[in-house]
Amino acid sequence: MSTVVKVTRRVHWNSAHRLYRPDWSDDRNASVFGACSNPHWHGHNYEMDVTVSGPIDPETGYVMDMKALKDVLEERVVGDLDHRNLNVEVEWLEGLNPTTENLVVSIWDRIVNQLPEKVRLHRIVLWETPRNYVEYTGGDPAGDSA
Ligand code: NI
């Protein structure tokens, strides 16, 4: 039996976006997405908590080196999103309406296979504003993907 512990890294970036469907009129987009559908874009300061879980390595005392997690998040996520327009500048978001829900699932897919052996992506919490966040723990409808 090994002791499983969850560890979390918080990252921050800002991005511009617009919520809209190109197949809807501006009026319909405005009525569904409100101010977030402004055709001239707007920005958010995103905060994200990424939690991984795994056994404590008896040699290091770590579940995972936080520097390694920081590097994965920088290379796979933050470096692509920071000071960018999510609708037009990010290849892996192409064709996606950049709601926080869609973003968190795309971010999950970017990092879930980038972790060391024995370390599992447990949860991502993504804050779009200080008052709204979404949470994702993976897509397996059967429940725990462990
Ligand atoms: Ni917005």
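I will try to describe carefully the structure that is included in this document. As the structure is a computational prediction, the values presented were derived from the model and not from experiment.

Details of the nonpolar core
Nonpolar side chains tend to gather and get buried jointly when the protein is soluble and globular. Membership of the largest hydrophobic core comes to 30 residues, with the highest contact counts inside it found for Trp13, Met48, Leu81, Ile107, Ile111, Ile124 and Leu126. Where this core is concerned, the elements lending two or more residues are strand 1 (4-17), strand 2 (42-55), helix 2 (66-81), helix 3 (100-111), strand 4 (120-129) and strand 5 (132-136). For this core, the element with the highest residue contribution is helix 2, accounting for six residues. Here isoleucine 107 is in contact with Trp13, Met48, Val77, Leu81, Trp92, Ile124 and Leu126, once residues within four sequence places are set aside.

A short note on the sheet that holds strand 1
One open sheet holds the five strands; their spatial order is 3-1-2-4-5, and the pairing between them is mixed. On the outer flanks of this sheet lie strand 3 (84-85) and strand 5, each paired with one strand and no other. Relative to strand 4, strand 2 runs antiparallel, the two being bridged by seven bridges. Within the sheet, the bridge partner assigned to threonine 51 lies in strand 4 and is arginine 123. Contacts from helix 2 reach strand 1, strand 2 and strand 3 within the one sheet, and its direction differs from that of strand 1 by about 20 degrees. Seen against the sheet, helix 3 touches strand 1, strand 2, strand 4 and strand 5 and runs at an angle of roughly 145 degrees to strand 4.

Parameters at a glance
- Residues numbered from 1 in each chain as written.
- Predicted model: local features only at pLDDT ≥ 70, side-chain atom pairs only at ≥ 80, totals over all residues.
- Heavy atoms only, no water.
- Core = buried A, V, L, I, M, F, W, Y, C linked by side-chain atoms within 4.5 Å.
- Buried < 20%, exposed > 50% of the residue type's maximum accessible area, 1.4 Å probe, protein only.
- Helix = DSSP H or I, 4+ residues; strand = E, 2+ residues; numbered from the N terminus.
- Contact = heavy atoms within 4.5 Å.
- Pairing = 2+ DSSP bridges.
- Axes fitted to C-alpha atoms, helices over the stretch in contact; angles between N-to-C directions.

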